[in-house]
Amino acid sequence: MADGSKFGRAPKRGEIDAVVVGAGFGGMYMLHKLRELGVSAQGFEAGDGVGGTWYWNRYPGARCDVPSLFYSYTWSEALQTEWRWTEKYAAQPEILAYANHVADRFELRSLIAFETRVLSAHFDEAVDRWRVITDRGDELMARYVVMATGCLSTPRKPPIPGVDDFAGATYHTGAWPHEGVDFSGKRVAVIGTGSSGIQSIPQIAAQAEHVTVFQRTANYSVPANNTPLTQKDIDEFWKLYPDYIAMVKGPGMGFGGNPANALAATAEERRQRFEEFWGVGGAGFLAAWGGIITDIDINTEAADFVREQIGKTVKDPKTAEALKPNDHPIGTKRICVDIDYFETYNRPNVTLVNLKQTPIEAVTATGVRTSEQTYEVDAMVFATGFDAMTGTLLAIDIQGAGGATLKDAWAEGPKAYLGLAVAGLPNLFIVTGPGSPSVLSNMINSIEQHVEWIADCIAYMREHGFTRIAADPPTQEKWVGHVRRVADKTLFPRAASWYMGANIPGKPRVFMPYIGAGYRKKCADVAAAGYEGFDLQKAPSDAHAA
Ligand code: N01
């Protein structure tokens, strides 16, 4: 890693304009924008390199489920033209290489202290600055704090009895060893069949002696139909690019679409379109018909179609039946995109354990015990997900004006105005926070929109001499209510998903991302109206606003 700053560096102390937490795609772009504005900024990153989610999730099979050509920053056309993706859906090493290329090309590394975790941020009202403390002894007084900490960055190992007693090697897909893992000749347990499990199981099965998959909830998955990218694909992309940019910069799309056209079509026409979208592959399957995510009848037809494909693919009828999702509408948990996932169950070295019938009772020193039997294994892979959207933020001791803590503010679930700012925490911004489209959108586009909004806001404050901006509590409350009402019109609340916080015992059940249309326009309108819904102040003591 071409980073001279990470080992043995002296703690950073003193005043700075901004602290940026996290060096994934959000943090890197934020640092670039702040530097452009002439705002001094310090990045802190727990890992020893850039890339965020793509730095940590190095499990075999990790791959983007957004087509690579669209999973790129749009803010530098030079970068867009010079970077050449090799596959329709890029694999993790290629995306991490892209992140490293960006860090080098835009000379971002010198702005980041690596292997450094932010422990606390307390707002000092006397000076309108955050006191930011890290685990490496840094203590900075920053006018602004930008949390670019990612939505899926706190891996979660479930509290199964005996889970720490296992004598063999254990891995979590979200914190995979950088040197890789050789499963040759090993009996491996994989717990979890979300996107990470579904991507990694075929790869692990290709190497290991035996894989036992412990499935609690069967999941919908659509084949990626991944292919190498050809020059023709790239030429096509550039033809579409102006429309794509217009869409990215446009008012912002909502989820769901109009069910009317699906209902007007015949069952045969609907089926044909499912076939067509299945053939193309990928998460776009959910766009086969408007209304899949809002109308249970259309949704059930789509779900039946997927169940039928599983039945056709998996040879053993009992395994096929267990793999058919049946307890939530399709799309209400993140749809998975796979390469040979269901086919993998036709391998002689793969066993599916249906935890709905035979739950896990305990992990022992040598394996996994269910209500039926013990499975002896040499290694265990936890593909058990994350404390999504709030876990990483709540792990930092954040205290705003009057000592109000983020923990208290979010005791009943996350509340953030536009997903960008939290009432009571002045001058602190979240990139793709709860209450914004975030995980339901192309993350890289949403990251760009938030970073640009935050940069514009800081520029505005500096220009007008403001030292404090805070979301107005009643306006935030209205937004939070709106986010919930929009979600309630969809099928999303019917699933016990991580979108709802349902994967973490005790976490409030609140649908966290925003699914409505027009989000970008709303953010732009708020800014154009002088940051409507925010309270802006000037500190008389601070003549030179940072
Ligand atoms: O995590 P998950 P993930 N006993 O929470 C199971 C993104 N992503 O890492 O559903 C047994 O989805 C749990 O079962 P259940 C994407 O947004 C993207 O896979 O709770 N099982 C579930 O099967 C994704 O949605 C890509 O019943 C237990 C699994 O573990 C998000 O990250 C690739 C259990 C967790 O699934 C998270 O995906 C990877 C227990 N005690 C990830 N506890 C791309 O393709 C949990 N489970 C870009």
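Residues numbered from 1 in each chain as written. Predicted model: local features only at pLDDT ≥ 70, side-chain atom pairs only at ≥ 80, totals over all residues. Heavy atoms only, no water.

A. Highlighting the pattern of salt bridges. Applying the stated rule across the entire model yields 27 salt bridges. Between Lys33 and Glu36 there is a salt bridge, and its shortest N-O distance comes to 3.7 Å. Here Lys33 and its partner Glu36 are both found in helix α1 (residues 25-37), 3 residues apart, which amounts to about one turn of the helix. Measuring nitrogen to oxygen at the nearest pair gives 2.8 Å for the salt bridge that ties Lys521 to Asp525. Of this pair, Lys521 and Asp525 both sit in helix α16 (residues 519-528), 4 residues apart, roughly one helical turn. Residue classification places Asp525 among the partly exposed residues on the basis of a relative accessible area of 38%. Salt bridges linked by common partners bring Arg271, Glu275, Glu308 and Lys312 together as one network. (Salt bridge = Lys/Arg side-chain N within 4 Å of Asp/Glu carboxyl O. Helix = DSSP H or I, 4+ residues; strand = E, 2+ residues; numbered from the N terminus. Buried < 20%, exposed > 50% of the residue type's maximum accessible area, 1.4 Å probe, protein only.)

B. Main features of the site of the ligand. Neighbouring the ligand are 24 residues; Ser196, Arg216, Thr217, Lys333 and Trp498 lie closest to it. The separation between an oxygen atom of the ligand and a polar main-chain atom of Ser195 is 3.0 Å. With respect to the ligand, the side chain of Lys333 contributes an N or O atom lying 2.7 Å from an oxygen atom. Across the complex, the protein chains shield 88% of the 910 Å² of accessible surface that the ligand would expose by itself. Ranked by residues supplied to the shell around the ligand, first place goes to helix α5 (residues 195-207) with 3 residues. Tallied by class, residues from the shell around the ligand come to 9 nonpolar, 9 polar and 6 charged. (Near = heavy atom within 4 Å. Polar contact = N/O pair within 3.5 Å; in protein donor to acceptor, adjacent residues only side chain to side chain. Areas by Shrake-Rupley, 256 points an atom, 1.4 Å probe, with all protein chains shown as cover. Nonpolar A, V, L, I, M, F, W, Y, C, P; charged D, E, K, R; others polar.)

C. Seen up close, the packing of aromatic side chains. One pass over the structure, following the stated rule, counts 44 aromatic pairs. Here the aromatic rings of Trp453 and Phe534 are separated by 5.7 Å at their centres, their planes lie at 40 degrees, and the arrangement is tilted. Pair noted here: Trp453 is in helix α14 (residues 443-464) and Phe534 is in strand β20 (residues 534-537), with a separation of 81 residues, a long-range link. Accessibility expressed as a relative area gives 6% for Trp453, which makes it buried. (Phe/Tyr/Trp six-rings, centres within 6.5 Å; stacked < 30°, edge-to-face > 60°.)

D. Broad picture of the nonpolar core. In this structure, Phe25, Met28, Tyr73, Phe429, Trp453, Ile454 and Phe534 are the most contacted members of the largest nonpolar core, which totals 87 residues. Sort the elements by how many residues they give to this core and α14 lands first, with 10 residues. Apart from the residues lying within four places of it in its own chain, the contact partners of Ile454 are Met30, Val146, Leu420, Phe429, Ile430 and Val431. Among the nonpolar cores identified, the runner-up in size contains 48 residues, and Ala208, Trp289, Leu323 and Ile330 belong to it. (Core = buried A, V, L, I, M, F, W, Y, C linked by side-chain atoms within 4.5 Å. Contact = heavy atoms within 4.5 Å.)

E. Molecular detail of the sheet that holds strand β13 (residues 360-363). Across the sheet, 3 strands lie side by side as β13-β14-β15; this open sheet has antiparallel pairing. The open sheet has two edge strands with one neighbour each: β13 and β15 (374-376). This sheet shows a mean twist of 20 degrees between the axes of neighbouring strands, independent of strand direction. Of the pairings in the sheet, the one linking β13 to strand β14 (residues 367-370) comprises 3 bridges and is antiparallel in character. In the strand pairing of β14, Val363 is matched with Val368. (Pairing = 2+ DSSP bridges. Axes fitted to C-alpha atoms, helices over the stretch in contact; angles between N-to-C directions.)

F. Representation of the packing of α14 against α16 in the model. Packing of α14 against α16 brings their axes to within 11 Å, and their N-to-C directions diverge by 5 degrees. In terms of orientation, α14 lies roughly parallel with respect to α16. Packed against α14, whose contacting residues are Asn445, Ser446, Gln449, His450 and Trp453, the element α16 presents Tyr519, Arg520, Cys523, Val526 and Ala527 at the interface. For the contact of α14 with α16, the residue count by class is 5 nonpolar, 4 polar and 1 charged. (Parallel < 35°, antiparallel > 145°, perpendicular 65-115°, else oblique.)

G. Up close: helix α6 (residues 231-248). Counted at 1.5 Å a residue, the expected span for α6 with its 18 residues is 26 Å, and the 24 Å between its end C-alpha atoms agrees. The largest bend along α6 reaches roughly 50 degrees and is located at Tyr241, with the proline Pro242 sitting one to four residues downstream. Residues of α6 that are buried include every one of Ile234, Phe237, Tyr241, Tyr244 and Val248, and no others. Where α6 is buried, its residues touch α3 (77-82), α14 and α16. (Expected span 1.5 Å × (residues − 1). Bend = angle between axes of the 7 residues up to and from the residue.)

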